[in-house]
Amino acid sequence: MLPDDPDHLTAETLDRYGRFINPGLQKLYRFANVTSVEWDARGAVIRDAHGKEYLDCSGGPAVFNVGHRHPKVIAAVQAQLERMPMSVRALPRHLEAELASRLAEITPGDLQFTFFCNSGAEANEGALKLARLVTGRVEIVGAIGAFHGKTMGALSASGRETYKTPFEPLVPGFTHVPFGDLDAMAHAVSARTAAVILEPIQGEGGVVIPPDDYLPGVRAICDRAGALLILDEVQTGFGRTGKMFACEHWGVVPDIMTMAKALGGGVVPIGAFTGRPHLWKALEQNPYLHSTTFGGNPLACAAGIATITVIKEEKLAERAAELGVYFLARLREVARRHPRVVNDIRGKGLLIGMEFTDPDIVLLVTAEALQRGVIVFYSLNKPEAFRIAPPLIITREQIDRAVAILDESIAAAGALVVEMEKEAQPSERL
Ligand code: PLP
């Protein structure tokens, strides 16, 4: 059922964004010609309050791997909601224990113990703290262009100055090297390094896939220096890139893996980090050395267990691998038709980045695509690129529709740019 007066609801919502949330966001929505609010969703399609449908090619981003409102995830969460949604934490929680055991099963190598939290940033905070605790060292090496979240520690590990400079001084001890450059990593890591933190594929960096020898090389560098390797699979995890976890493409097992986004099935937020058994010795004596009120709550764990079950039952990682090849090939055709504005197209599985000549074109194309009923998402650390990270249950027909609409949207944005350039010419001649 749609709302009775969607125009009023939209106007009121935008007005409240302007007065109570952030006028900047209100301006962004107005720039994108947004004329409705999101209302409901199913599978790979969301509907606005006016009943218009949008194909979700952004997935949150990368949250809705099992699709919006997967019936099995909804059923598991609803059953738990009826019994006990939140925990008093005085007694052990069986769903938390079950989800931890499922994560030990599906993560590579000997990753075994899990700490649950509520977001990706929190997962990275915990992983960084654990690395310092276990090694007794302070320094952390991260990558330029990386995104690990916006809390102080996660932000310090991230690699784009725009989001960091206004908050300095950040946490001391962090250095950054170019992603994909093994020599730079070898120089940066020393006997003082507690950990290296990397995304196996940079997501917010615009979908950057490292050379094949990179992650195995970083693993070896860490081992030589006695430093831990933290892999942030917050965006790449749970089937997104065609494997359950992206590090499996290169056969690399981290010491700590961080997760969030898709783990909650797009129904309940949850974050987690899973590590090798010996690391948890440092947390054994005082299990509350690192803690959070809502971590491991029953609703989130019910969602997580059901989500993992669905990903395995429906073979969604395999599906992402197959459909990713198809989507990428179709988008390459699109890119060839618009050489003036499209610089590059790249991806692994259903995590795809399309890079343009200018960040303004990205804004124009995403706005045009939204008007035509396809949602794609800009990249926080690479404004020249948008990301495509649809639900892994998307169909070939839906991909074909998305490709056709993106083609039209790029053409429309390209035409606007040509117009704007023409208009700019007289003043440039002065
Ligand atoms: N790590 C990666 C790789 C991410 O892509 C993100 C979010 O986009 C985060 C961490 C932060 O997650 P959250 O927004 O849940 O704090």
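Residues numbered from 1 in each chain as written. Predicted model: local features only at pLDDT ≥ 70, side-chain atom pairs only at ≥ 80, totals over all residues. Heavy atoms only, no water.

**Remarks on the sheet that holds strand E1 (residues 38-42)**
Put simply, the test is: Between any two strands, pairing holds if DSSP finds at least two bridges. A helix here means a DSSP run of H or I that spans at least four residues, while a strand means a run of E at least two residues long, and both kinds are numbered starting from the N terminus.
Pairing is mixed across the open sheet formed by four strands, whose spatial order is E1-E2-E3-E13. The outermost strands of the open sheet, each flanked by one partner alone, are E1 and strand E13 (374-375). Relative to E13, strand E3 (residues 53-56) is paired through two bridges, and the arrangement is parallel. Residue pairing in the sheet places aspartate 56 in a bridge with isoleucine 375 of E13.

**Focus on the layout of surface pockets**
Note the threshold: Only protein atoms enter the 1 Å grid, on which a cavity is a set of points fitting a 1.4 Å probe that cannot get out and a pocket is an open set with protein on both sides within 12 Å along at least 5 of 7 lines, lining residues being those with an atom within 4 Å of a point. Grid points are joined across faces, edges and corners, and a volume is the space filled by probe spheres set on the points. Residues are grouped as follows: Ala, Val, Leu, Ile, Met, Phe, Trp, Tyr, Cys and Pro are nonpolar; Asp, Glu, Lys and Arg are charged; all remaining types, including Gly, are polar.
There is about 1,200 Å³ of room inside the largest pocket. Taken together, 39 residues form the lining of the largest pocket, with Tyr29, Val34, Leu370, Ile375 and Phe377 sitting closest to its centre. Counting residues per element, the lining of the largest pocket draws most heavily on helix H14 (residues 359-372), which supplies five residues. Here the residues of the lining of the largest pocket sort into 23 nonpolar, 11 polar and five charged. Approximately 510 Å³ is the volume found for the second largest pocket. Every residue lining the second largest pocket is counted, 19 residues in all, and those nearest its centre are Glu96, Phe115, Pro287, Tyr288 and His290. Put simply, the parts of the chain that give the lining of the second largest pocket at least two residues each are strand E4 (113-117) and helix H11 (281-284). By residue number, the principal contributor to the lining of the second largest pocket is E4, which donates four residues. Residue classes in the lining of the second largest pocket are distributed as 10 nonpolar, five polar and four charged.

**Thoughts on a nonpolar patch on the surface**
The condition that has to hold: The patches described consist of residues with a relative accessible area above 30% and no salt bridge, like charges being joined within 9 Å and nonpolar side chains (Val, Leu, Ile, Met, Phe, Trp, Tyr) within 5 Å. For the accessible areas, the method is Shrake-Rupley and the probe is 1.4 Å, while residue cover comes only from the protein chains on display. In what follows, salt bridge is the name for a side-chain nitrogen of Lys or Arg lying within 4 Å of a carboxyl oxygen of Asp or Glu. Relative accessibility decides the category of a residue: with a 1.4 Å probe and only protein chains considered, values under 20% of the type maximum give buried, values over 50% give exposed, and everything between is partly exposed.
There is a patch of nonpolar side chains on the surface, built from Phe20, Ile21, Leu25, Leu28 and Tyr29 and spanning about 490 Å² of accessible area. If you list the elements that add at least two residues to the nonpolar patch, you get helix H1 (6-21) and helix H2 (23-31). Residue contributions to the nonpolar patch peak at three residues, all from H2. Along the chain, leucine 25 falls in helix H2. The class of leucine 25 is partly exposed, set by a relative accessible area of 32%.

**Some details on the domain arrangement of the chain**
Definition in use: Residue ranges assigned to each domain were obtained from an automatic or database domain assignment. Pairs of residues are marked as contacts when any of their non-hydrogen atoms sit within 4.5 Å. We define buried area as the total accessible area lost by two parts upon association, computed with a 1.4 Å probe and summed across both.
Annotation of the chain at the domain level lists domain 1 (6-66 + 315-420) and domain 2 (71-313). In this structure, domain 1 and domain 2 have C-alpha centres spaced 27 Å apart. Taken residue by residue, the interface counts 31 residues in domain 1 and 36 residues in domain 2. Taken together, both faces of the contact between domain 1 and domain 2 bury some 2,600 Å²; the carbon and sulfur share is 58%.

**With respect to the pairing of strand E7 (residues 193-198)**
Applied cut-off: Throughout, right-handed denotes a crossover for which the path from the first strand over the helix to the second runs clockwise when the strands point away from the viewer.
Within E7, six of the six residues are buried, which leaves it mostly tucked inside the rest of the structure. Of the pairings in the sheet, the one linking strand E5 (residues 139-143) to E7 comprises three bridges and is parallel in character. When the bridges of E7 are listed, isoleucine 140 appears paired with alanine 195. Taken together, the four bridges between E7 and strand E8 (residues 228-232) define a ladder with parallel strand orientation. Directly across from isoleucine 197, in E8, lies its bridge partner isoleucine 230. The β-α-β motif built from E7, the intervening helix H10 (residues 214-225) and the parallel element E8 has right-handed crossover chirality.

**Quick look at the packing of helix H4 (residues 71-83) against helix H12 (residues 298-313)**
The angle between the axes and the distance between the axes are what describe a pair of packed helices. Here is the rule we go by: Simply put, an axis is a line fit to the C-alpha atoms, just over the touching stretch for a helix, and the angle between two N-to-C directions goes from 0 to 180 degrees. When an angle is under 35 degrees it counts as roughly parallel; over 145 it counts as roughly antiparallel; between 65 and 115 it counts as roughly perpendicular; any other value is oblique. With the far helix as reference, a near helix turned anticlockwise by less than a right angle produces a left-handed crossing, and one turned clockwise produces a right-handed crossing.
One can describe the packing of H4 onto H12 by two numbers: an axis separation of 8 Å at closest approach and a directional angle of 155 degrees. Taken together, the axes of H4 and H12 are roughly antiparallel relative to one another. As H4 runs across H12, the sense of the crossing is right-handed. For the pair formed by H4 and H12, the contact residues are Lys72, Val73, Ala76, Val77, Gln80 and Leu81 on the first element and Pro298, Leu299, Ala302, Ala303, Ala306, Thr307, Val310 and Glu313 on the second. Tallied by class, the residues present in the contact of H4 with H12 amount to 10 nonpolar, two polar and two charged.

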